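These are the residues of each chain, in order.
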Amino acid sequence: MPTKGSRNKADSASKAAYTPGMEAEELPQLYQRLVELSPNGIMVNNGEQIVFANQKAAEILGGATPVDIVGRPMWDFIPTDQKEAFQNRIKAVLDGEDAPPILTAMQRIDGSPVEIEGSTAAVSFRGQPAGLIVFQDVTERVEMQKALEDSERRYRGLFDSAPLAYLPSRQGHILDANPKALETFGYTRDELLSMSVLDLTADTNAGRPHLTWMMGQGRSGNPPQNQRVEMQHKNGTAVWTSVSSNPSMGPDGKLEGRGMFLDITKQVQMERALDESQEKLQTIYDHMREGVLWVTMDGRITHANPATLDMLGYALDEIQQIAMQDIVAPEYADTMATNAKSLHQNGNLELKERIWRRKDGINIPVEVGISLTHNAEGNPSAMMVFVHDLTARKAAQQQLEESEERYRSLFETAPIAYLPSIRGQIIDANPKAQEIFGYTRDELLGMNVLDMAADTPEGRGAISKNIELARAGTLPRGEYRSEMRHKDGTEVWVSTSATPYTNANGELEGRVMYQDITRQVQAERELEDSKNILQTTY
């Protein structure tokens with residue numbers, strides 16, 4: 001039953017929504033349209049079943065119209081592990097208690113999961129107390145959050161294994177240090193966490209003043225990259241680094257930096273040995289790694305960076321004498337008109353794979369993106385073309401495909417049974433596995449490894465124990481003798497070896513190999529029987 005407080009709030013909301021001049025009979029129509037057109041799902045539950053739902057609620061829960069869910073028990077849409085918590089929440093709401101916003105899992109009509117976020121409140125529906133649920137589908141957001149967490153785990157792996165020193169900092173104070181930073185500067189992690197980044201610099205013009213200047217530029221939003229800075233090892237020796245940073249302002253307005261220090265000491269020493277008269281602090285970057293071309297609106301190339309020239313085999317003065325159509329492979333020439341139309345409509349062209357032609361006539365795969373630049377009057381004045389050479393990636397992709405083909409060939413022709421599995425569920429089976437156990441591949445794919453184990457200590461008991469050890473990450477390496485059963489019920493003894501690991505979804509996945517040793521076991525039994533007969537006889 002609605003509480004006095006909730007009725008007052010409802011009365012206030014009704015007054016706030018009223019517009020002078022609006023007829024009283026128009027208000028119900030207005031509220032009805034608001035509910036029908038709401039981007040949120042709205043449902044009313046009387047404690048036993050859903051008695052009202054708008055179109056959005058039906059869509060979120062997998063229905064075509066509200067008719068598909070109205071009249072059904074609320075519990076049809078609540079996963080088993082969430083029912084008790086949801087039931088307690090509905091009871092609290094009907095008892096007039098305030099309930100905080102909820103983020104939970106529900107299930108659609110077809111049983112598929114859906115993440116929802118919403119609020120619940122007590123209402124009166126057709127004179128009876130009921131619970132109002134206003135919610136929205138946040139499945140995509142939850143999945144993105146999981147992806148973000150995976151990304152952060154990958155970042156940590158990259159951070160720890162990176163070949164350059166990472167020193168995240170706040171107001172210059174070091175917050176973390178990867179193993180390469182410990183190696184580069186000679187300090188322990190605890191020592192570095194008590195220091196400022198400036199404490200690691202040399203007391204030279206190329207050291208502390210230069211890094212201080214970089215930090216100042218970062219605060220102004222113009223962080224310089226790949227700057228040579230003279231740092232100092234714990235033992236006092238110079239450490240020359242190429243420094244880049246990606247600074248940002250924290251929520252409290254303090255500068256947070258992600259400093260990257262590439263040790264270039266040997267490089268600097270070599271440069272000094274080659275020519276002591278050269279500038280010691282000459283920057284090591286004068287071009288981007290990606291190709292960049294400036295092109296007029298009629299397609300003439302006016303400038304190209306060194307990466308582009310190297311990619312296409314032209315000198316700068318040569319490429320300035322040709323047009324874009326001269327470097328685009330003939331089979332993609334027709335796309336230029338389409339690209340021009342898209343550029344005029346959107347101001348840019350998203351990355352697309354194309355084939356370009358080098359000066360020597362060789363075609364190379366590239367990824368191209370185009371952005372328009374405008375003059376002071378706001379009219380398009382030129383095109384900036386970004387190009388990435390895909391040759392290495394394509395070659396690696398081909399090698400991967402060839403490697404997978406070799407693996408598949410080995411898998412299919414191996415003289416031992418392969419039964420890869422996820423959580424014990426068989427996901428593939430080679431011909432030898434079908435031969436040893438007597439099942440077809442389709443039959444095996446619907447089975448659990450334990451389905452083929454003999455109901456003996458050496459069978460299901462031993463295999464179950466090994467699965468638990470694998471889940472705990474404590475399964476010793478080696479081969480294990482297990483008693484299995486053929487489809488016809490006869491015993492099959494196998495020597496089993498497994499390589500368990502956790503896949504990207506956090507599931508236990510195993511590459512399990514079985515070698516048929518039935519004859520060996522039978523021979524061992526016969527030998528043991530012979531020994532027993534001899535001992536009994538003599």
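Preceding block: the structure.
Bear in mind that the values here come from a model prediction, so they are computed numbers and not experimental data.

Calculation criteria
- Residues numbered from 1 in each chain as written.
- Predicted model: local features only at pLDDT ≥ 70, side-chain atom pairs only at ≥ 80, totals over all residues.
- Heavy atoms only, no water.
- Phe/Tyr/Trp six-rings, centres within 6.5 Å; stacked < 30°, edge-to-face > 60°.
- Helix = DSSP H or I, 4+ residues; strand = E, 2+ residues; numbered from the N terminus.
- Buried < 20%, exposed > 50% of the residue type's maximum accessible area, 1.4 Å probe, protein only.
- Salt bridge = Lys/Arg side-chain N within 4 Å of Asp/Glu carboxyl O.
- Pairing = 2+ DSSP bridges.

Here's the deal with the packing of aromatic side chains
Counted according to the given criterion, the structure contains four aromatic pairs. For the pair Phe 52 and Phe 125, a centre-to-centre distance of 6.5 Å together with 40° between the ring planes defines the contact as tilted. Residue Phe 52 is found in strand β2 (residues 50–53), and its partner Phe 125 is found in strand β4 (residues 113–125); the two are separated by 73 residues along the sequence. A residue is classified by how much of its surface remains accessible, and Phe 52, at 30% relative accessible area, is partly exposed.

Let's talk about the environment of Glu 435
Looking at where Glu 435 falls in the secondary structure, it is placed in helix α14 (residues 431–437). Along the backbone, Glu 435 and His 486 are 51 residues apart, and their C-alpha atoms lie at a distance of 9.4 Å.

So, the pattern of salt bridges
A full pass over the atoms with the stated rule returns 21 salt bridges. Residue Arg 358 is joined to Asp 360 by a salt bridge in which the shortest nitrogen-to-oxygen separation is 3.3 Å. For Asp 360, a relative accessible area of 47% puts it in the partly exposed group.

Comments concerning the pairing of strand β13 (residues 301–304)
With three bridges joining them, strand β12 (residues 291–296) and β13 adopt antiparallel strand pairing. Within the sheet, the bridge partner assigned to Trp 294 lies in β13 and is His 303.

Observations regarding the pairing of strand β3 (residues 102–107)
Along β3, the buried face is formed by Ile 102, Thr 104 and Met 106; none of Leu 103, Ala 105 and Gln 107, which line the opposite face, is buried. Of the strand pairs in this sheet, β3 and β4 are connected by six bridges, and their pairing is antiparallel. When the sheet's bridge partners are listed, Thr 104 is paired in β4 with Ile 116.

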